[in-house]
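Given next are the chains, with one letter for each unit.
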Amino acid sequence: MSGRAPPPLNALRTFEVFARHGSMTRAATELCVTHGAVSRQIAALQASLGVALVTGPRHALTLTETGAKLAEGLTPAFSAIKDAVEAARQGVAREIEISCLGTFALKWLIPRLPSFLEVHPDVRVRVSESYAPVDYRRDRFDGAIRIVEPDQVHVRTEATPFLAQHQGPVGSPSMVAQLPTIEALASAPRLHSATFRRAWSVWAELAGVTLPPATMEREFAHNHSLVEAAIAGLGVGIAPWAFVAPDVMAGRLAAPFGFVERPSRFVFLRPEGRKDAAVDAFRDWLVAEGARSPSPPIPWTNPGG
């Protein structure tokens, strides 16, 4: 048994956070410390171990091979510590963080969330917004909701599909009243979301529609902005039913041509092999809510097509 003292736990923790983010600034934000404090902790860890863990200029540090191997072992270790601490807090309210697509959170998840909290008053759910791919070698949230294509694979992740994907053209009632045919629809300003720029082409292929070049296009950062722009009459957008159902049913949006089903699904992603009763309960609730959530009542129609 070596008599050498282990490196400081705080330095290991700081290095693990930096390795996950690949950024001193983002590591400092997560740890609520300064950029300089992160740099000093990593320097101290390197001195303690006697090896180089990072390389490159100060503003663009990357992991060395040794640093990458150390980080690969530290992330599951710190996750295990987190799980052990949560297990010790039995009887204390458990908080889980769910990373979610912003528009889905606003239009589908949050309106239904009270029913989960009513049944599980001992669980607190913190919803964070993200559209980034999930990688539990880096990410520390407890679960994530994403749209997943059939051929997509997430390493070290348990994936549970819970809701079908339907999408179709939507616009303000006054605007779409002037667009009685697909040809007329195609001439209207097209709304796009930067998070899925292929929405129009994907919809057209599924619907069997040939679209001429757009006469005008307007792009927004996220789908919730696109939905609001459609409500405001700025154009017609292609949107998932889950994102627009409340507005269509309330009459703020119209979907005269209906929705087509996509092969992708809304999926709950959680770290593979990590036991957590609160996350289990949330996953099971999502599956039940997805089963109760009706498909769009407006089938796809192609007048004149």
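The structure displayed is predicted, hence computed values, not measured ones. All residue numbers refer to positions counted from 1 along the written sequence of the respective chain. Side-chain atom pairs in this predicted model are given and counted only at pLDDT of 80 or more, local residue features only at pLDDT of at least 70, and totals for whole chains, interfaces and linings cover all residues. To obtain the side-chain values, all non-hydrogen atoms of the structure were used and water was disregarded.

Chemist: I tried to follow the pairing of strand β3 (residues 94–100) on my own but got confused; where do I start?
Modeler: A regular strand carries its side chains on alternate faces of the sheet. For each residue, the accessible area found with a 1.4 Å probe, counting protein chains only, is set against the maximum for its type, and the residue is called buried under 20%, exposed over 50%, and partly exposed in between. In this text, helices come from DSSP runs of H or I with a minimum length of four residues, and strands from runs of E with a minimum of two, each type numbered from the N-terminal end. Counting buried positions along β3 yields six of seven residues, so the element is predominantly enclosed. Each pair of strands is called paired provided DSSP finds at least two bridges between the two strands. Examined bridge by bridge, β3 and strand β4 (residues 123–129) share seven bridges and lie parallel to one another. Paired with Glu 95 across the bridge in β4 is Arg 124. For the crossover that starts at β3, traverses helix α5 (residues 102–119) and ends in the parallel β4, the hand is right-handed. Note: β3 against strand β5 (residues 143–148), three bridges, orientation parallel. Bridge pairing in β5 places Ser 99 opposite Ala 144. With the strands aimed away from the viewer, a crossover counts as right-handed if its path from the first strand over the helix to the second runs clockwise.

Chemist: Hey, could you run me through the layout of surface pockets in this one?
Modeler: One water molecule sets the probe size; rolling that probe over the atoms shows where empty space is left. By volume, the second largest pocket amounts to about 480 Å³. Computed over the protein atoms alone on a 1 Å grid, cavities are sets of points where a 1.4 Å probe fits but cannot get out and pockets are open sets with protein on both sides within 12 Å along at least five of seven lines; a residue lines them when it has an atom within 4 Å of a point. What lines the second largest pocket is a set of 27 residues, and nearest its centre among them are Leu 101, Tyr 131, Ile 147, Thr 195 and Phe 196. Breaking the lining of the second largest pocket down by element, the ones donating at least two residues are β5, β6 (157–170), β7 (190–193), α8 (199–207), α9 (223–231) and β9 (236–240). Grid points are joined across faces, edges and corners, and a volume is the space filled by probe spheres set on the points.

Chemist: Looking at this structure, how should I read the domain arrangement of the protein chain?
Modeler: Size of an interface: often given as the accessible area lost when the parts come together. Per the domain assignment, the segments making up the protein chain are domain 1 (9–90) and domain 2 (144–275 + 286–304). Computed from C-alpha coordinates alone, the two centres of domain 1 and domain 2 are separated by 39 Å. Domain delimitation follows an automatic or database domain assignment.

Chemist: How should the sheet that holds β5 be read in this particular structure?
Modeler: Remark on secondary structure: sheet strands pair via backbone hydrogen bonds, oriented parallel or antiparallel. As summarised here, the arrangement of the eight strands in space is β4-β3-β5-β10-β6-β9-β7-β8, forming an open sheet in which the pairing is mixed. Edge positions in the open sheet fall to β4 and β8 (217–220), since each of these has one partner strand only. For this sheet the average axis-to-axis angle between neighbouring strands, irrespective of direction, equals 25°. The contact criterion used throughout is that any non-hydrogen atoms of two residues lie within 4.5 Å. Orientation is described by axes fitted as lines to C-alpha atoms, over the contacting stretch for helices, and by angles from 0 to 180 degrees between their N-to-C directions. Sitting on the sheet, α5 is in contact with β3, β4, β5, β6 and β10 (260–271), with an inclination near 175° to β4. Those strands touched by α9 are β4, β6, β7, β8 and β9, and its axis lies near 160° from that of β7.

Chemist: What is the right way to look at the nonpolar core in this model?
Modeler: The nonpolar side chains of a soluble globular protein tend to be buried, and buried together. By nonpolar core we mean a set of buried residues, namely Ala, Val, Leu, Ile, Met, Phe, Trp, Tyr and Cys, connected to one another through side-chain atoms within 4.5 Å. Phe 104, Leu 109, Ile 145, Phe 162, Val 244, Phe 282 and Leu 286 are the most contacted members of the largest nonpolar core, which totals 39 residues. Put simply, the parts of the chain that give this core at least two residues each are β3, α5, β4, β6, α9, α10 (241–249), β10 and α11 (277–292). Contact partners of Val 244, with chain neighbours within four places excluded, come to Val 170, Val 227, Ala 239, Leu 253 and Phe 259. One finds Ala 11, Phe 15, Phe 18 and Leu 45 within the second-largest nonpolar core, a separate group that totals 17 residues.

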